[in-house]
Amino acid sequence: GCNSSATDESSKKDGVVEAATSTNEVEVIAPHKDLNQEPIPVKIERIGENEVNVEMTSQITDIEISPDYNYKAWTFNGEAPGPVVVVKEGDMINFTLKNMDPAIPHSMDFHAVHAAPSKGFANVEPDETGTFRYPANKPGVFMYHCGTAPVLSHIANGMHGTIIVMPKDGYPNDAEIDREFVLIQNEWYKYNDINDFMNGEPSQVVFSAKALKEGDRNTNGDTFSLKNEPLLAKVGDRIRIYVNNVGPNEVSSFHVVGTVFDDVYIDGNPYNHMQGLQTVMLPASGGAVVEFTVTEVGNYPIVTHQFNHAQKGAVAMLKVTED
Amino acid sequence: GCNSSATDESSKKDGVVEAATSTNEVEVIAPHKDLNQEPIPVKIERIGENEVNVEMTSQITDIEISPDYNYKAWTFNGEAPGPVVVVKEGDMINFTLKNMDPAIPHSMDFHAVHAAPSKGFANVEPDETGTFRYPANKPGVFMYHCGTAPVLSHIANGMHGTIIVMPKDGYPNDAEIDREFVLIQNEWYKYNDINDFMNGEPSQVVFSAKALKEGDRNTNGDTFSLKNEPLLAKVGDRIRIYVNNVGPNEVSSFHVVGTVFDDVYIDGNPYNHMQGLQTVMLPASGGAVVEFTVTEVGNYPIVTHQFNHAQKGAVAMLKVTED
Amino acid sequence: GCNSSATDESSKKDGVVEAATSTNEVEVIAPHKDLNQEPIPVKIERIGENEVNVEMTSQITDIEISPDYNYKAWTFNGEAPGPVVVVKEGDMINFTLKNMDPAIPHSMDFHAVHAAPSKGFANVEPDETGTFRYPANKPGVFMYHCGTAPVLSHIANGMHGTIIVMPKDGYPNDAEIDREFVLIQNEWYKYNDINDFMNGEPSQVVFSAKALKEGDRNTNGDTFSLKNEPLLAKVGDRIRIYVNNVGPNEVSSFHVVGTVFDDVYIDGNPYNHMQGLQTVMLPASGGAVVEFTVTEVGNYPIVTHQFNHAQKGAVAMLKVTED
Ligand SMILES: [Cu+2]
Ligand SMILES: [Cu+2]
Ligand SMILES: [Cu+2]
Ligand SMILES: [Cu+2]
Ligand SMILES: [Cu+2]
Ligand SMILES: [Cu+2]
Ligand code: NA
Ligand code: NA
Ligand code: NA
Ligand code: NA
Ligand code: NA
Ligand code: NA
Ligand SMILES: [Zn+2]
Ligand SMILES: [Zn+2]
Ligand SMILES: [Zn+2]
Ligand SMILES: [Zn+2]
Ligand SMILES: [Zn+2]
Ligand SMILES: [Zn+2]
Ligand SMILES: [Zn+2]
Ligand SMILES: [Zn+2]
Ligand SMILES: [Zn+2]
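1. Here we look at the overall build of chain A
Helix and strand content of chain A: 6 helices and 20 strands. Taken along its principal axes, the extent of the C-alpha atoms in chain A is 55 × 45 × 30 Å. Buried positions account for 65% of the 323 residues belonging to chain A. One finds the centroid of the 23 positive side-chain charges in chain A at a distance of 2 Å from the centroid of its 45 negative side-chain charges.

As C-alpha cells, this is what we get:
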C-alpha cells in the first residue's frame, strides 16, 4: 500500500497521543483515551484429570511496539499477543472471560476447541464476565483471538494469542529436547484503522516469546525485545519451538538461520510430520512444532523469510553459548 | 495498493454503468456494452464407463458481487466462478467450448488433465465452438480457468471454477460423511483493470457454493449469498468441503470457526493426508478436501483467516440445527 | 503499492542510467557507478568422498531483467540468481567468498548447512576473501543468499541462489527421470529502494534456469529468456524440476500448465512426499523437487499461479517435441 509509516519515524515517535491529533490517524475512542489497564495475569488451574479452569481478561493496555512507540492495544490480559494457554489433549476447558473494557464487547475464539461459535464464542459485554465450557480434543499449536465483529479490528488491535494442546502421548522426540520456546508472529498496522488493516502494508511485523512455565521469557509483539535480549541455548541443544502466526493478514515463512529443522509437525499435530525443512509455511492462524539442533556457539537469527517483514521487525535472536 | 474501492461504496453503488463513465475506471469494451447473456447450463453426460462429455460456454454475464453492484463478468456458463464439473479418476473427457462472446477468444485450461496447452487449451474464436479430448487421471480438487492471454485478465474477470476428479477408490471416510459442499474462494478487482489486477489490493474476496447434485446451493462469488442464506447441516454431522482457491493472485488460509479439521487431503488427493489442522494453506489455484464434525447447534463462520480478505467478503455461514 | 513501474515502460527503457537521474529513483552508490564486473565462474571441486571446495565471488554486475532494462545488481559470480551449487548429503563444504565489491561487505548464508551465523556467515570486507567450513547434512533444495545487513537489500538487489544437496540414497524415481531442470523464482523491485523492497509491489517476478551440468541452460532472473528460448523436452518424458523461490518477499504457487505433478518432495527432502499436486506452495526461500510427465507435443507454460506475478514475468516455456 501507500502506507509509509514503517519508515516514517517522525509520525510515530510520540505514539498514539500524537497520532490522535494527526489528521491522518484514527483517534482513540473516548472511553479508551486515558485508559491503560494494568495487566492481569491469566489463571490456569487443573481441577481434574481431564478438566482445567482458564480465566482471562479483555482489557485496554498500552503495548510498546517499537522503542518509545506505544499502541493502545485491545488485549487479553494486558499482553499482545496474550499469554500462552497450555492444556492437554482431551481436556474440558471451563473458560471465564472478564471484560474490563468499558466500551466494547469482546469474546474468545479458541481454535483448539469444538463449539458453536454463536454460543461458545459469544460476546461478553463491557464490565461483564462470561463463562464457557468446551473440549480440546485435538493436539496442536492453535491460535486464539477475539471473535467480536469486526474480527479484523479486534485481532489487528492486539486480541490474539496461542493455545497449545499437548498430545496425550507426547511428541516423538520429547526425550531429546533440551530447550523449548513459544514464538508468535503478528503484524501491527496504523492505530485502529480498518482501512489500513484491509488495504495497507503492515507497519511492523514482530515476534514475541511466551512463557511456557514460570521464569521463562514473556514478551509482547515488538521490534526490539528479542533482539536486545536474545533467547538462550547451549551448544549441542536440540531445541523445540512452538510457533504460531496470528496475522491478522499475512502468511509466514518461518526460518531459523544457521540450521535446518530436523522435524516439523504442521499445526503441532504429531501426525503431520515433515523432515529437513529449511522453512515452514504458516498460513494466517497456522502453527507448527519445529525441532532443530544448534551445533556451534554464536548467534542464530529467527525470521520470517518474507524479508520485507523481517525488515519491519520480525527477527528474534537465539544466542548459543558453551555447555 | 492505493485502491480504496472496497470501502468506497459511493463509487460502486451504481456498478459498471457508472463505472464506465468514471475517469478512474476502465470502460466496458464496446461489444460487451449492452450484453448480458442468459446463463446456459453446463452439460455433463457420461457416455461410457470411463468417458464423459462436458459442454460449456464462455459468455458475458452480469454478476452481482455485492448488493446492487454488478460486474459484467467474463464467465463460463454465466456463472463466476463457473459451474463445478465432476468426473471420475480415469475418465476421458470430451470437452466442447461454445464461445458466445462476440469479441474475444476464450479457452479452457483444466488443471485436472494432461494435455499440451498449445493444443488442448487452444483459443476458441468469438462465436465459434471448439472440441478437445483429454484424460483426467489424477484424483483431486482442481482449478479450471480460461487460458487466453492475458490470462490474468481472463481469470480476474471471472473465468474460473473447479473440476473435481473423484478418486476411483473413494476417500477413506466416504461412509461417514453426512453432508458435502463445494466452496470456491476468488478475488474481484476494479473492472477489467489490468493495473489493479497486477498491483492493487482486491476490492472483494468472496466464497461461492457450487452444486454437486441437483437441488444443491449454487451461488456466484459474492459478498452476501452465503451470509444471508447459510449452508445447512445437522448437529453431529461429519461434513466434507471440497475447497478451491482460484485467485487470481492471493493465497488462502481456509478455516472453519468452531471446529478443527479431522482430516485434510491436500489438492484432494487421498495420498496427501493431514490430520487435526485448524487452517489449510491453499496456494493460488490450490484445492483440498477437508472433513470436520459440528458438535453443537448454532452458526459456524467459514473464512479465510487472512482477515483483511474475510473483512472484504470472504465469510460463508454454516447453520447447524437439531437432528 | 503505488508502484506502477511494471507497466510504466517509459521510466524503465533506459535502465539504471536514466534511473539515477530520476527524482523518483535511488541513485547507484558512487563506487558502483561505472562498475560492471565480468562474471567470474563458480568453482566447485570435490576433494574427497565427503568434502568439496566451493569458491564464489560477490560482485557488481549489470543484469538485463527485461529487454533493454539493466539492473546494476549485487550478485554472486555476476549472475542473479547466482550459479546453482550441487553437493551431496554428508559433504563438508570448504567455502571461499572473494568479495570484489569495492564498497560493501557481503557474506554467504547457505540454508543447507549447520553453522553459527555470526561466524559461519560472517561479513567479508570489500576486496577481501573469507573462508568458511560447514557440513551439508540434510538433503534438499535450499536457498542461499547474502546475509549482510540489511539482508532485505542484499537479497532484493540480487544476492540469492540455490544449493542442492543430493540425497545420499537418491530420490525414489531417479531411474525414471528423462530430463531435469533447476528453476528459481525471484522478484525485482525499484533499484536499491528499501522502501519499495518493504512496501511496494514487485516490478518484475521472474524465473531463471540454472545449469546442473555443463551445456545446460543458465539464465538470469529475467522476463524473456525462458520465453524466447524455451526449455526443451521430448514427448513422454518424465521431467524433474528442482525449484526454489528466493523471494525476497513473496510466496510462490508453482504450477506447470497441462500436467499434474506425479510426485513432489517438499524442500527436496525425500521424506516429504506428496502426490498428484496441481500446484506446490513455496514459502519465501522454500524449495521442492517436482516430477511430471509430458504426454503430448506442444508448449507447456510454467508459472506461479499467483497470476499478478505471472503477468509481471514469471512464465517459463517448456517445449515438447517428437521423440
Ligand atoms: Cu475484542
Ligand atoms: Cu535465509
Ligand atoms: Cu476468456
Ligand atoms: Cu492454471
Ligand atoms: Cu480464528
Ligand atoms: Cu551482499
Ligand atoms: Na499484503
Ligand atoms: Na498484495
Ligand atoms: Na493477502
Ligand atoms: Na505485497
Ligand atoms: Na508478505
Ligand atoms: Na503475491
Ligand atoms: Zn475482540
Ligand atoms: Zn505485504
Ligand atoms: Zn540439523
Ligand atoms: Zn478467458
Ligand atoms: Zn493483499
Ligand atoms: Zn473435530
Ligand atoms: Zn549481501
Ligand atoms: Zn503482491
Ligand atoms: Zn501426470
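What follows continues from the structure just given.
2. Overview of the nonpolar core
Core analysis: the biggest nonpolar cluster contains 93 residues, and Phe254 of chain A, Phe254 of chain B together with Phe254 of chain C have the highest contact counts within it. With near-sequence residues (within four places) excluded, Phe254 of chain A lies in contact with Leu183, Phe207, Ile241, Val243, Phe261, Gln278, Thr279, Val280, Leu282, Val290, Ile302 and Val303 of chain A. Core analysis: the next-biggest nonpolar cluster, separate from the first, contains 63 residues, Ala80, Ile93 and Val206 of chain B together with Phe307 of chain C among them.

3. Regarding the pattern of salt bridges
If you walk through the whole model with that rule in mind, you get 51 salt bridges over all chains. Among the salt bridges present, the one from Lys213 of chain B reaches Asp216 of chain B, with a minimum N-O distance of 2.9 Å. The salt bridge involving Asp263 of chain B is made with Arg238 of chain B; its shortest N-O contact spans 2.7 Å. Pair noted here: Asp263 of chain B is in strand 15 (residues 261-266) and Arg238 of chain B is in strand 13 (residues 238-247), with a separation of 25 residues, a long-range link. Through salt bridges that share partners, Lys138 of chain A together with Asp174, Glu180, Arg238, Arg240, Asp262, Asp263 and Glu291 of chain B make up one connected network.

4. Re the relation of the copies chain A and chain C
The two copies are related by a screw operation: chain A maps onto chain C through 120 degrees of rotation and 0.0 Å of translation along the axis, at an RMSD of 0.0 Å. Taken together, the rotation and translation describe the operation of a three-fold axis.

5. Regarding the domain arrangement of chain A
Residue and element names in this part refer to chain A. We note that the domain assignment places domain 1 (9-166) and domain 2 (174-321) within chain A. Distance between the C-alpha centres of domain 1 and domain 2: 20 Å. Counting residues at the interface gives 41 residues for domain 1, matched by 38 residues for domain 2. When domain 1 packs against domain 2, close to 3,200 Å² is buried across both sides, 63% of that on carbon and sulfur atoms. Its largest share of buried area at the contact with domain 2, domain 1 owes to Ile65, Val141 and Leu152, together 19% of the area lost on that side. Taken together, domain 1 and domain 2 are joined by 1 salt bridge. The residue Lys210 makes a salt bridge to Glu79 at a minimum N-O spacing of 2.8 Å. The interface formed by domain 1 and domain 2 holds 11 residue pairs in polar contact (both at pLDDT 80 or more) in total. Elements with a contribution of two residues or more to the side of domain 1 that touches domain 2: strand 2 (51-66), strand 3 (69-76), strand 8 (140-145), helix 3 (151-156) and strand 9 (160-166). Here the residues of the side of domain 1 that touches domain 2 are counted per class, giving 25 nonpolar, 10 polar and 6 charged.

6. Details of the coordination of the sodium ion (ligand 9)
Residue and element names in this part refer to chain B. Protein coordination at the sodium ion (ligand 9): the donors are Glu250 (OE) and His309 (NE2), at 2.6 to 2.9 Å from the metal. The two metals, the sodium ion (ligand 9) and the sodium ion (ligand 7), are separated by 4.8 Å. Residue Glu250 is located in the loop between strand 13 and strand 14 (252-256), and its partner His309 is located in helix 6 (residues 307-311); the two are separated by 59 residues in the primary sequence.

7. As for the interface of chain B and chain A
Contact residues are listed per partner, giving 36 residues for chain B and 43 residues for chain A. Regarding the contact of chain B and chain A, the summed buried area is about 3,200 Å², with carbon and sulfur atoms giving 57% of it. Summed over the shared surface of chain B and chain A, the number is 1 salt bridge. When the shortest N-O distance is used, the salt bridge between Lys138 of chain A and Asp262 of chain B registers 2.6 Å.

8. Quick word on the packing of aromatic side chains
Residue and element names in this part refer to chain B. Scanning all chains against the criterion turns up 42 aromatic pairs over all chains. An angle of 80 degrees between the planes, with centres 5.9 Å apart, marks the rings of Phe207 and Phe254 as edge-to-face. Residue Phe207 is located in strand 11 (residues 204-210), and its partner Phe254 is located in strand 14; the two are separated by 47 residues in the primary sequence. Look at Phe207 and you get buried, because its relative accessible area is 1%.

9. Thoughts on the sheet that holds strand 17 (residues 280-282) of chain C
All names here are of chain C. On the basis of which strands lie adjacent, the open sheet formed by 5 strands has the order 12-20-19-14-17 and mixed pairing. With one partner strand each, in any of the chains shown, strand 12 (231-234) and strand 17 form the two edges of the open sheet. Geometrically, the sheet is characterised by an average inter-axis angle of 25 degrees between neighbouring strands, direction not taken into account. Note that strand 12 and strand 20 (residues 315-321) share 4 bridges and pair parallel. Bridge pairing in strand 20 links Ala233 to Val320.

Quick notes on the rules
- Residues numbered from 1 in each chain as written.
- Chains lettered and ligands numbered in written order.
- Predicted model: local features only at pLDDT ≥ 70, side-chain atom pairs only at ≥ 80, totals over all residues.
- Heavy atoms only, no water.
- Helix = DSSP H or I, 4+ residues; strand = E, 2+ residues; numbered from the N terminus.
- Buried < 20%, exposed > 50% of the residue type's maximum accessible area, 1.4 Å probe, protein only.
- Lys, Arg positive; Asp, Glu negative; His and termini not counted.
- Charge placed at Lys NZ, Arg CZ, Asp CG, Glu CD.
- Core = buried A, V, L, I, M, F, W, Y, C linked by side-chain atoms within 4.5 Å.
- Contact = heavy atoms within 4.5 Å.
- Salt bridge = Lys/Arg side-chain N within 4 Å of Asp/Glu carboxyl O.
- Least-squares fit on C-alpha atoms with pLDDT ≥ 70 in both.
- Domains from an automatic or database assignment.
- Buried area = accessible area lost by both parts, 1.4 Å probe.
- Polar contact = N/O pair within 3.5 Å; in protein donor to acceptor, adjacent residues only side chain to side chain.
- Nonpolar A, V, L, I, M, F, W, Y, C, P; charged D, E, K, R; others polar.
- Donors = N, O, S within 2.8 Å, 3.2 Å for Na, K, Ca; no water.
- Phe/Tyr/Trp six-rings, centres within 6.5 Å; stacked < 30°, edge-to-face > 60°.
- Pairing = 2+ DSSP bridges.
- Axes fitted to C-alpha atoms, helices over the stretch in contact; angles between N-to-C directions.

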